[in-house]
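# Topology and contacts: notes
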Amino acid sequence: MHIRFFAAAAAAAGVEEQRVDLATLAESTPFTLADLSAFLVESFPVSASSHTPPLAEVLTRCSFLVNEVSTRDLAQALTSGDVVDVLPPFAGG
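Residues numbered from 1 in each chain as written. Predicted model: local features only at pLDDT ≥ 70, side-chain atom pairs only at ≥ 80, totals over all residues. Heavy atoms only, no water.

### Describing the overall build of the protein
If you tally the helices and strands in the protein, you get four helices and five strands. In the protein, the succession of helices and strands from N to C terminus is β-α-β-α-α-α-β-β-β. A globule of 93 residues ought to have a C-alpha radius of gyration of about 12 Å, and the protein, at 13 Å, matches this closely. Dimensions along the principal axes, computed over C-alpha positions, put the protein at roughly 35 × 30 × 20 Å. Looking at the protein as a whole, 39% of its 93 residues qualify as buried. Considering only residue pairs separated by 6 or more positions, the protein has 58% of its internal contacts joining residues 24 or more positions apart. If you sum the accessible surface of the protein, you get close to 5200 Å²; carbon and sulfur atoms cover 54% of it. If the 4 positive side-chain charges of the protein are averaged to one point and the 11 negative ones to another, these points end up 7 Å apart. (Helix = DSSP H or I, 4+ residues; strand = E, 2+ residues; numbered from the N terminus. Rg over C-alpha atoms; globule rule 2.2 N^0.38 Å. Buried < 20%, exposed > 50% of the residue type's maximum accessible area, 1.4 Å probe, protein only. Contact = heavy atoms within 4.5 Å. Areas by Shrake-Rupley, 256 points an atom, 1.4 Å probe, with all protein chains shown as cover. Lys, Arg positive; Asp, Glu negative; His and termini not counted. Charge placed at Lys NZ, Arg CZ, Asp CG, Glu CD.)

Here you go:
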């Protein structure tokens, strides 16, 4: 699975992209967006930026794109080939 972080999510994680082997993570079947969020919080417990809150806090305000389709449904099942974009709220236009 390919995860892409944008704006404050990227600042908090300290990376813009991460590849995840779903086979090593999938303790639950199906592996959901909620499971991925928990994994990300565990993987990035502190913010990489002194100006950005930890990823756990940023994720509470994020929406997600799964394969370029917007979702806020944390029960959505994910597969190994998915691309997940983590999108915090953006200001401006």
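Right, picking up where we left off after that structure.
### Concerning the confidence of the model for the protein
The predicted structure's coordinates, where accompanied by low pLDDT, should not be read in detail. Summing up the model confidence of the protein, the mean pLDDT is 91 and the portion of residues at 70 or higher is 94%. Looking over the protein, one finds the lowest element-wise mean pLDDT in helix H2 (residues 22–25), namely 81, and the highest in strand E1 (residues 2–5), namely 98. (pLDDT = per-residue confidence, 0-100.)

### Brief notes about the side chain of Ser63
Within the secondary structure, Ser63 is located in strand E3 (residues 63–66). When its relative accessible area of 18% is taken as the criterion, Ser63 is described as buried.

### Focus: the pattern of salt bridges
Scanning the model with the defined rule gives two salt bridges in all. Note that Arg61 and Glu57 form a salt bridge whose closest N and O atoms lie 3.9 Å from each other. Using a relative accessible area of 38% as the deciding quantity, one classes Arg61 as partly exposed. Here Glu57 falls in the partly exposed class, since its relative accessible area comes to 41%. (Salt bridge = Lys/Arg side-chain N within 4 Å of Asp/Glu carboxyl O.)

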